[in-house]
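Close look at the chain arrangement
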Amino acid sequence: MDRISLHNFNVRDFSEMLASCKGDVYMITPEGDRLNLKSKLCQIIGFTALIQGGQIAEAKFECSEPEDEAKLYRFNLFGDTRG
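The notes below deal with the structure included here.

Scoring rules and cut-offs
- Residues numbered from 1 in each chain as written.
- Predicted model: local features only at pLDDT ≥ 70, side-chain atom pairs only at ≥ 80, totals over all residues.
- Heavy atoms only, no water.
- Helix = DSSP H or I, 4+ residues; strand = E, 2+ residues; numbered from the N terminus.
- Buried < 20%, exposed > 50% of the residue type's maximum accessible area, 1.4 Å probe, protein only.
- Contact = heavy atoms within 4.5 Å.
- Areas by Shrake-Rupley, 256 points an atom, 1.4 Å probe, with all protein chains shown as cover.
- Pairing = 2+ DSSP bridges.
- Phe/Tyr/Trp six-rings, centres within 6.5 Å; stacked < 30°, edge-to-face > 60°.
- Lys NZ or Arg CZ within 6 Å of the ring centre and 35° of its normal.
- Salt bridge = Lys/Arg side-chain N within 4 Å of Asp/Glu carboxyl O.
- Arc of directions from axis to C-beta.
- Polar contact = N/O pair within 3.5 Å; in protein donor to acceptor, adjacent residues only side chain to side chain.

1. Notes on the overall build of the protein
Looking only at helices and strands, the protein has three helices and five strands in total. Taken from the N to the C terminus, the helices and strands of the protein come in the order β-α-β-β-α-β-β-α. Within the protein, the proportion of its 83 residues that are buried is 40%. Considering only residue pairs separated by 6 or more positions, the protein has 66% of its internal contacts joining residues 24 or more positions apart. Only carbon and sulfur atoms are counted for the fraction: they give 50% of the accessible area of the protein, which is about 4800 Å².

Listed below in structure tokens is the structure:
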């Protein structure tokens, strides 16, 4: 699994994109914890720690499925939430 860094993204749009992922998507915290973002509770915990001014400044993610990695790359480059 490659780690994907996302910068300055909208939480609502990102949550929509997460819902379309087939596998697990993990947020890697600065402390090295892995939060499975398929869980709404983990989303709240992870996003709360990283939100700055309504946007997430930077976060690292890992995906269990290669096609989900492609979705994250597309989201990071184009803001594409359609999956």
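2. Some details on the pairing of strand 2 (residues 25-28)
Taking every second residue as pointing to the same face, both faces of strand 2 are buried, with V25 and M27 on one and Y26 and I28 on the other. Hairpin connection of strand 2 to strand 3 (residues 34-36): five residues between the antiparallel strands, including G32 at a positive phi of 95°.

3. Points about the packing of aromatic side chains
One pass over the structure, following the stated rule, counts three aromatic pairs. Measuring from centroid to centroid gives 5.9 Å for F14 and F47, while their planes differ by 70°, and the two rings are edge-to-face. Taken together, the residues F14 in helix 1 (residues 11-19) and F47 in helix 2 (residues 40-50) connect sequence positions 33 residues apart. An aromatic cluster is built from F14, F47, F61 and F75, whose rings are joined through pairwise contacts. Positioned above the aromatic ring of Y26, the side-chain terminus of R34 is 4.2 Å from the ring centre.

4. Focus on the pattern of salt bridges
Considering all chains together, one arrives at three salt bridges under this definition. Among the salt bridges present, the one from E62 reaches R34, with a minimum N-O distance of 2.4 Å. Of this pair, E62 sits in strand 5 (residues 55-63) while R34 is found in strand 3, placing the two residues 28 residues apart along the sequence. Connected via shared salt-bridge partners are R3, R34 and E62.

5. What about helix 2?
Looking at helix 2, one finds that the buried residues are C42, Q43, G46, F47 and L50. What you see down the axis of helix 2 is that its buried residues fit within an arc of 115°, all on one side. Facing away from the buried side of helix 2 by more than 90 degrees, the exposed set consists of K40, L41, I44, T48 and A49. The N-cap residue of helix 2 is S39: its side-chain oxygen and the backbone nitrogen of L41 are 3.3 Å apart.

6. So, the environment of D33
Residue placement: D33 occurs in the loop between strand 2 and strand 3. As a C-alpha pair, D33 and G46 span 13 residues in sequence and 9.8 Å in three-dimensional space.

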